[in-house]
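# Working through the structure, step by step
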Amino acid sequence: MAEDIKIAEGVKCACEAAIIGLYACAGGSNVGQMANKVAVELTKQGKGKIMCTVGIGGQVPGIIKSTEGTDEIIAIDGCPLLCAKKSLELAGFTVDKGIVISELGMKKGGSLDLEESDVSEMMSKVETALVN
């Protein structure tokens, strides 16, 4: 039984290069959490792949390399502070599309618990923004 278990030879990043990289804010507010939730849902729908935004800020080599391999970089920020977009730009990347959840009608503040009706509304608005 123990012979069947193979141990990884090195630590690898779980995020491989994607054609469309989704870099979301996951900040300490409802809109930050919504940005992350939207990126997760877009990934589940096959409309891109969520990538590690904090790894960009930390200059993690594997994550930087994965980002270099993307064809399109999309920053999904919660608010006008634009932390995801600025992190990407400071690392030398060009953001192809930037989306700000609070500019789509969700007011910053309140609970970190997201309502499914709000998630559906923001998903619809983000999908529309990505097409335009």
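The following paragraphs examine the structure supplied in this document. (Residues numbered from 1 in each chain as written. Predicted model: local features only at pLDDT ≥ 70, side-chain atom pairs only at ≥ 80, totals over all residues. Heavy atoms only, no water.)

## Observations concerning the overall build of the protein chain
The helix and strand tally for the protein chain stands at five helices and four strands. Along its sequence from the N terminus, the protein chain presents helices and strands in the succession β-α-β-α-α-β-α-β-α. Counting over 132 residues, the protein chain shows a buried share of 36%. Pairs at least 24 apart in sequence give 67% of the contacts found in the protein chain among residues at least 6 apart. When the accessible surface of the protein chain is totalled, it reaches about 7800 Å², and 55% of it is carbon and sulfur. (Helix = DSSP H or I, 4+ residues; strand = E, 2+ residues; numbered from the N terminus. Buried < 20%, exposed > 50% of the residue type's maximum accessible area, 1.4 Å probe, protein only. Contact = heavy atoms within 4.5 Å. Areas by Shrake-Rupley, 256 points an atom, 1.4 Å probe, with all protein chains shown as cover.)

## Here's the deal with the sheet that holds strand 2 (residues 49-50)
By definition, the strands of a sheet pair up through backbone hydrogen bonds, in either a parallel or an antiparallel sense. The sheet built from four strands is open, its strands ordered 2-1-3-4 with parallel pairing. The sheet is open, and its two borders are formed by strand 2 and strand 4 (97-100), each paired with just one other strand. Bridge count for strand 3 (residues 72-77) against strand 4 is four bridges, and the pairing is parallel. Bridging across to strand 4, Ile76 finds its partner in Ile99. (Pairing = 2+ DSSP bridges.)

## Some points on the state of the cysteines
Throughout the structure, instances matching the rule amount to zero disulfides. Left unpaired, Cys25 is separated from the closest cysteine sulfur, that of Cys83, by 5.9 Å. On the accessibility criterion, Cys25 (15% relative accessible area) is buried. (Disulfide = S-S within 2.5 Å.)

## Considering the side chain of Thr70
The residue Thr70 is located in the loop between helix 3 (61-68) and strand 3 in this model. Within the structure, the side chain of Thr70 is placed 2.7 Å from the backbone oxygen of Thr67, a separation counted as a polar contact. (Polar contact = N/O pair within 3.5 Å; in protein donor to acceptor, adjacent residues only side chain to side chain.)

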